Amino acid sequence: SHLKIKNFIDEFKDNYRIVCYDQRGHAASDHPMKHMNVQRLGQDMHDIIEYLDLKDVIVIGHSMGAATIFSYVNQFGCGKLKKIVAVDMSPYMRNTVWDGGIAQGKWTDEDFLSDLDRTFNDIGEANWHIVKNMMNPKLKDTPAAMEPAMITMCGEGSDTYTMASMWYSLFRTDQREAISKITVPFMYVMPQTPLYSMTTVNFIKEHVKSDFVLAKDFPDTTHTILMEKP
């Protein structure tokens, strides 16, 4: 999975020590059948920081990676952190009680359940549906003849249980309280066509306890911004 963001890592590796890991259920990490939730992702991050004895860490999280940071801060605070960068992610993905959730507030609970149905039916089709309808709308114009290849590609390396369990946990976990525990400088990176709206950005800006910066000058980018403009 690191190959997808290799160019991004290359930008920093000469001046920083880079620690990049596969989250549980992904790529070379174990694919366990328990503890597959956002709370545990935060604990995993804590375990890595403790095991490597890291201090003054600049943590960069994209999408579920940012949710992992929110989970970590909620449980362990910011004592080991120096700065936080979150890329296009909300502390709460559901849109039932606010419009700061996924798909710029437009994705309903019924949409979410349909996503789960697709995941259990065909992980490739499910990932392709989510990618082209939410993450990178430019792909909606993909010719019909190319779609089978895209579905196959979206299914490669994907684990149905990981996708379903994490998708469920992300929708169930409200981490808005965690934002008030952020006591280090915070940057929010927003693509030109984001998955989350200014409602999310403004909520974070209003609740962090340190400096807040919004970086959004990235033309022609979507939720897959780290690959588009590393």
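Preceding block: the structure.
Residues numbered from 1 in each chain as written. Predicted model: local features only at pLDDT ≥ 70, side-chain atom pairs only at ≥ 80, totals over all residues. Heavy atoms only, no water.

A.B. asks: I'd like a rundown of unusual backbone geometry, residues and numbers included.
C.D. replies: Residue Asp53 is not a glycine yet carries a positive backbone phi of 55 degrees. Residue position: Asp53 is located in the loop between helix H2 (38-51) and strand S1 (57-62). Asp53 gets classed as exposed once you look at its relative accessible area, which sits at 52%. Although it is not a glycine, Asp88 adopts a positive phi angle of roughly 50 degrees. (Helix = DSSP H or I, 4+ residues; strand = E, 2+ residues; numbered from the N terminus. Buried < 20%, exposed > 50% of the residue type's maximum accessible area, 1.4 Å probe, protein only.)

A.B. asks: Help me get a handle on a nonpolar patch on the surface, residues and values and all.
C.D. replies: Taken together, Phe12, Tyr16, Ile18, Ile58 and Ile60 make up a surface patch of nonpolar side chains, about 410 Å² in accessible area. Structurally, Ile60 is set in strand S1. Overall, the relative accessible area of 40% leaves Ile60 in the partly exposed class. (Patch = residues over 30% accessible without salt bridge, like charges linked within 9 Å, V, L, I, M, F, W, Y side chains within 5 Å. Areas by Shrake-Rupley, 256 points an atom, 1.4 Å probe, with all protein chains shown as cover. Salt bridge = Lys/Arg side-chain N within 4 Å of Asp/Glu carboxyl O.)

A.B. asks: I'd like to hear about the pattern of salt bridges, residue by residue, with values.
C.D. replies: Counted by the stated rule, this structure contains twelve salt bridges. The partner of Arg40 in a salt bridge is Asp44, and the shortest N-O contact between them spans 3.5 Å. One end of the pair, Arg40, and the other, Asp44, are both in helix H2, four residues apart, so they sit about a helical turn from each other. Between Glu147 and Lys132 there is a salt bridge, with the nearest N and O atoms lying 3.3 Å from each other. Note that Glu147 is positioned in helix H6 (residues 147-155) and Lys132 in helix H5 (residues 123-135), a separation of 15 residues in sequence.

A.B. asks: If you had to explain the nonpolar core to someone new, which residues and values would you point to?
C.D. replies: Counting residues in hydrophobic clusters, the biggest one holds 52 residues, and the most contacted among them are Leu81, Ile84, Ile102, Trp167 and Phe186. Per element, the largest residue contribution to this core is seven residues, and it comes from helix H3 (residues 64-76). The residues touching Leu81, leaving out its near neighbours within four places in the chain, are Met45, Ile49, Asp56, Val57, Val59, Tyr72, Val73 and Val184. (Core = buried A, V, L, I, M, F, W, Y, C linked by side-chain atoms within 4.5 Å. Contact = heavy atoms within 4.5 Å.)

A.B. asks: Now, about the packing of aromatic side chains: what can you tell me, with residues and values included?
C.D. replies: Under the criterion given, the structure shown has seven aromatic pairs. Geometrically, the ring pair formed by Tyr72 and Phe76 is tilted, given 5.5 Å between the ring centres and 40 degrees between the ring planes. With Tyr72 and Phe76 both in helix H3, this residue pair falls four residues apart, about one helical turn. Judged by its relative accessible area of 2%, Tyr72 falls in the buried class. When the ring of Phe112 is compared with that of Phe171, the centres are 4.2 Å apart and the planes differ by 25 degrees; the resulting orientation is stacked. Taken as a pair, Phe112 in helix H4 (residues 109-121) and Phe171 in helix H7 (residues 160-172) lie far apart in primary sequence, 59 residues in all. In this structure, Phe112 and Phe171 share a single accessibility class: buried. (Phe/Tyr/Trp six-rings, centres within 6.5 Å; stacked < 30°, edge-to-face > 60°.)

A.B. asks: Got a sec to walk through the packing of H4 against H7? Specific residues and values, please.
C.D. replies: Packing of H4 against H7 leaves a shortest axis separation of 9 Å and a crossing angle of 170 degrees. As judged from the angle between their axes, H4 and H7 are roughly antiparallel. Every residue of H7 that contacts H4 at Phe112, Asp115, Leu116, Thr119 and Phe120 is listed here: Thr160, Met163, Ala164, Trp167, Tyr168 and Phe171. Of the residues in the contact of H4 with H7, the class split is eight nonpolar, two polar and one charged. (Axes fitted to C-alpha atoms, helices over the stretch in contact; angles between N-to-C directions. Parallel < 35°, antiparallel > 145°, perpendicular 65-115°, else oblique. Nonpolar A, V, L, I, M, F, W, Y, C, P; charged D, E, K, R; others polar.)

A.B. asks: Provide a residue-level description of the side chain of Gln175, including the pertinent values.
C.D. replies: Within the fold, Gln175 resides in the loop between H7 and helix H8 (176-179). Looking at Gln175, its side chain comes within polar contact range of the main-chain oxygen of Ala67, at 3.0 Å. If we skip the residues at most four places from it in the chain, Gln175 touches Val38, Ala67, Phe70, Ser71 and Pro91. (Polar contact = N/O pair within 3.5 Å; in protein donor to acceptor, adjacent residues only side chain to side chain.)

A.B. asks: Lay out the sheet that holds strand S4 (residues 212-215) with the relevant residues and their values.
C.D. replies: The sheet built from four strands is open, its strands ordered S1-S2-S3-S4 with parallel pairing. In this open sheet, the two strands that pair with only one neighbour each are S1 and S4. Looking at each pair of strands side by side, their axes are set apart by 15 degrees on average, direction ignored. Strand direction decides the pairing type here: S1 and strand S2 (residues 81-87), joined by six bridges, are parallel. The partner of His62 across the bridge, within S2, is Val87. Helix-sheet contacts for helix H9 (residues 198-207) involve strand S3 (186-189) and S4, and the interaxial angle to S4 is about 160 degrees. (Pairing = 2+ DSSP bridges.)

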